[in-house]
Amino acid sequence: MTRQPVVALIGATAVGKTALSLSIAEKLNAEIISVDSRQIYRYMDVGTDKVSLSVRREIPHHMIDIIDPDEKFSVADFAEKTSQTVKRIYARKKIPLFVGGTPFYYNALFHASLNSELPSDEDVREKYEALANSQGAELLHMKLAEVDPPTAERLHKNDLRRVTRALEIWDLTGKAPSQIFEEGEKRDYGFDVLYIGLSRSREELFSRIEIRLEQEFSQGFPEEVEWLLKNGWNENFNPLKGLGYRELIDYHRKKITLDEALEGAISRTKAFCRRQQTWFKKFSPAIWFEMSELNNEQEIINTIKNHLNLNEVNK
RNA sequence: GGUGGAAUGGCCGAGUGGUCAAUGGCAACAGACUGUAAAUCUGUCGACGGGAGUCUACCAUGGUUCAAAUCCAUGUUCCACCA
């Protein structure tokens, strides 16, 4: 199978992916595919730092504004839909440029990390969640240890999310997840990625996070959340548990002040930034560029062209 | 000037004679991750050491005691109330 060479711009939140991606997309006549688990949702614009509509008219962006905050959407949905999008972009004789900070999604799309067949059922999941609520997380973990010792061993008993999901899979298939993962076929989309990693010092990243959130808070983020609440969305829907959204919901409920909300959003975003870096460290092949060094854009573009075999054409 | 209260590890804060290198939270750092992933979860967190352990620590100094973050005295700083 010949693999399709593609390029993805990765890096922690606030490193400067977006600005650079626009410039690169313009020069390469590329279309951007957002790899961002929150920009997927409509009506969440300020807090997710979406590119403006007017810019998106100039440079097409995909995987943004595709569903409402209460709709179900999984990594598998993302990977599936995205791979279709890539085909359409190529059909148009343009280049896809992946940009975003959701490592989990990259993992599914480029590293064949997902099983082809893996069922999911809301009701079954809720059954186990309810069990955990009434009987405690430990009991659930013990139950998992009975049906799938390796997975129970791997998962901490407090990690209810994963323990529940493992039991859900077992319940629906009658097989141990560990066995399915080992033997089952993986979803491979046939890409050959090169990661262009953008880096900055922690210190710099943290200060950029602060600045960005302060701006968002003064430029409509609180109002955006107020609007979402008025229209029936709340923290029961996962996307509204995101950075800043959760805090601003508390603010609108008068549980905390606006300053406290900002502070909370900042510190949670910093923690997220660290988590992203933990993932990205392991992404390969990757070439890292230090963003505080100016004028490495041409070098990045050359690297991209090289991977996509666009270089020799003009020479 | 008087009276009362408080000073704890980077920060907040619990602890009132031994089981205290000191609960908890925050921050910081490291990590896990198969359809919720901006979610969810874990570990480290006084210094030195692989560890057993050793040392230095609860404002300062002195004291009581076999033993003090905890009790006493004095001092320093801060807060509240009264003048």
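Higher on the page you've got the structure.
In what follows, the accompanying structure is described.

Here is what the cut-offs are and how they apply
- Residues numbered from 1 in each chain as written.
- Chains lettered and ligands numbered in written order.
- Predicted model: local features only at pLDDT ≥ 70, side-chain atom pairs only at ≥ 80, totals over all residues.
- Heavy atoms only, no water.
- Patch = residues over 30% accessible without salt bridge, like charges linked within 9 Å, V, L, I, M, F, W, Y side chains within 5 Å.
- Areas by Shrake-Rupley, 256 points an atom, 1.4 Å probe, with all protein chains shown as cover.
- Salt bridge = Lys/Arg side-chain N within 4 Å of Asp/Glu carboxyl O.
- Lys, Arg positive; Asp, Glu negative; His and termini not counted.
- Charge placed at Lys NZ, Arg CZ, Asp CG, Glu CD.
- Helix = DSSP H or I, 4+ residues; strand = E, 2+ residues; numbered from the N terminus.
- Buried < 20%, exposed > 50% of the residue type's maximum accessible area, 1.4 Å probe, protein only.
- Contact = heavy atoms within 4.5 Å.
- Polar contact = N/O pair within 3.5 Å; in protein donor to acceptor, adjacent residues only side chain to side chain.

**Considerations on a positive patch on the surface**
Together, R202, R274, K281 and K282 make up a region of like positive charge exposed at the surface. Residue position: R202 is located in helix α10 (residues 202–218). Here R202 falls in the partly exposed class, since its relative accessible area comes to 37%.

**Side note on the environment of D148**
Residue placement: D148 occurs in the loop between α6 (137–147) and α7 (149–154). On the accessibility criterion, D148 (0% relative accessible area) is buried. For D148 and W170, which are 22 residues apart along the polypeptide, the C-alpha to C-alpha distance reads 8.3 Å. Filtering out sequence-adjacent residues up to four positions away, D148 remains in contact with A176, P177 and S178. In this structure the side chain of D148 is engaged in a polar contact, spanning 2.5 Å, whose partner is the side chain of T151.

**Examining the environment of T48**
Looking at where T48 falls in the secondary structure, it is placed in the loop between β2 (30–34) and α2 (53–58). On the basis of relative accessible area, T48 is assigned to the buried category, the value being 10%. The sequence separation of T48 and T303 amounts to 255 residues, and the corresponding C-alpha distance is 29 Å. In contact with T48, other than residues within four places in its own chain, are R38, Q39 and Y245. Among the polar contacts listed, one links the side chain of T48 to the backbone oxygen of M44, at a separation of 2.7 Å. Reaching out from T48, the side chain makes a polar contact with the backbone oxygen of D45 at a distance of 3.3 Å.

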